[in-house]
Amino acid sequence: MVFVQGKGLSQGVARGVLTPLSRASLPAEREMPWDPEVERQRLALAVEQALEKLAALQAELYADGRPQSAELLQAYMLVLEEEDFSEGVQTVLLRERCNAETAVTAFCREISREFQQSKDAYIRARADDLSGIAAFLTGVLRDEGIRDTGSEEIILFAEELSPMDLLQYGGKKNVKGFLTGRGSYYSHIAIFAREHALPLIRCMDGIPESFSGLPAAVMDGYDGRIVVEPDAQTLRAFKAPAARPGDAGKAPFRSGRMRILCNVSSSAEAEQVLAN
């Protein structure tokens, strides 16, 4: 057995085969530079398609009685609709003469680094959300579909997960939980997981090598424990408690406070919002 101690971001106990959430790699760079105009047109079409997909998912979430997740998708839509976003990606396209997928990833990383420098934990968590936007938009550019997860009970893991991953795979009956190398309690992926009652643990030192090879595992989102190749006694011990103090699945906001959403494109704007 291998024990891994992580941080529980969403409560729940799950067991299954540890399965990586594989993504298609970025298109290989050709010897000749990419045509910026062609890539700009691909980007514009992908943003339009992404907004349509997000609007459809948002409508489903409202109909399913999950307003918090639906509101968080609105934040994705606002970013994609911002002229600063498209202009920023196009600047990278012209500067690097790369494909649209590479430009989207590079631009989101630039903005993420600004957010990571903030002293506020909530603002730093938005850096992970930008990674999610990049992953979703590049998936649309590559016309990626939802992979077949088979019928065996599994626990999906990836160094970076996005709320879209949870929306697309969390509804599959055989997907029992998620493990990630990034994210915080206030990140959108954690909020999505809690509203959808999906166990989620962050591995504090990244995804361990022991996860490779499709081993069986159990995870406890209450205290962040993961056991790879558990024995029979450990399997019997892993069951959800009736209740625990300091419920990690509850919203961090209590009566007397309100949650305010804002749309920002830089860490400087985020600091201004907090100051006011």
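Residues numbered from 1 in each chain as written. Predicted model: local features only at pLDDT ≥ 70, side-chain atom pairs only at ≥ 80, totals over all residues. Heavy atoms only, no water.

Chemist: Can you lay out the pattern of salt bridges for me, pointing to particular residues and giving the numbers?
Modeler: Considering all chains together, one arrives at nine salt bridges under this definition. In this structure, E37 engages R40 in a salt bridge whose closest nitrogen and oxygen atoms are separated by 2.7 Å. One end of the pair is E37 and the other is R40, both in helix α1 (residues 36-63) and three residues apart, which spans about a single turn. The exposure class of E37 is partly exposed, given its relative accessible area of 38%. Residue R225 pairs with D223 through a salt bridge whose shortest N-O separation is 3.0 Å. Via salt bridges that share partners, E39, R42 and E101 belong to a single interconnected network. (Salt bridge = Lys/Arg side-chain N within 4 Å of Asp/Glu carboxyl O. Helix = DSSP H or I, 4+ residues; strand = E, 2+ residues; numbered from the N terminus. Buried < 20%, exposed > 50% of the residue type's maximum accessible area, 1.4 Å probe, protein only.)

Chemist: Please provide a residue-by-residue account of the environment of F192, values included.
Modeler: Inspection of the secondary structure puts F192 in helix α7 (residues 188-195). Taking the C-alpha atoms as reference, F192 lies 9.2 Å from M164; in sequence the two are 28 residues apart. Dropping the residues within four chain positions of it, F192 is found in contact with S69, L72, L73, P163, L166 and L167. (Contact = heavy atoms within 4.5 Å.)

Chemist: Summarise the pairing of strand β8 (residues 225-228); cite the residues concerned and give the values.
Modeler: Sheet topology note: the strand β1 (residues 2-5)/β8 ladder contains four bridges and is antiparallel. Within β8, the residue paired with Q5 across the bridge is R225. Inspection of the sheet shows strand β7 (residues 216-220) paired to β8 by four bridges, in the antiparallel sense. When the sheet's bridge partners are listed, M219 is paired in β8 with I226. If you look at the hairpin formed by β7 and β8, you'll find four residues sitting between the two strands, and G224 has a positive phi there, around 80 degrees. (Pairing = 2+ DSSP bridges.)

Chemist: How would you sum up the packing of helix α3 (residues 83-96) against helix α4 (residues 100-116)? Please name residues and give values.
Modeler: For the pair α3 and α4, interaxial distance at closest approach is 8 Å and the crossing angle is 115 degrees. With respect to the hand of their crossing, α3 and α4 are arranged in right-handed fashion. Contacts from D84, F85, G88, V89, V92, L93 and R95 of α3 reach α4 at A100, A103, V104, A106, F107, C108 and E110. Of the residues belonging to the contact of α3 with α4, the class tally is ten nonpolar, one polar and three charged. (Axes fitted to C-alpha atoms, helices over the stretch in contact; angles between N-to-C directions. Left-handed = near helix turned anticlockwise from the far one by under 90°. Nonpolar A, V, L, I, M, F, W, Y, C, P; charged D, E, K, R; others polar.)

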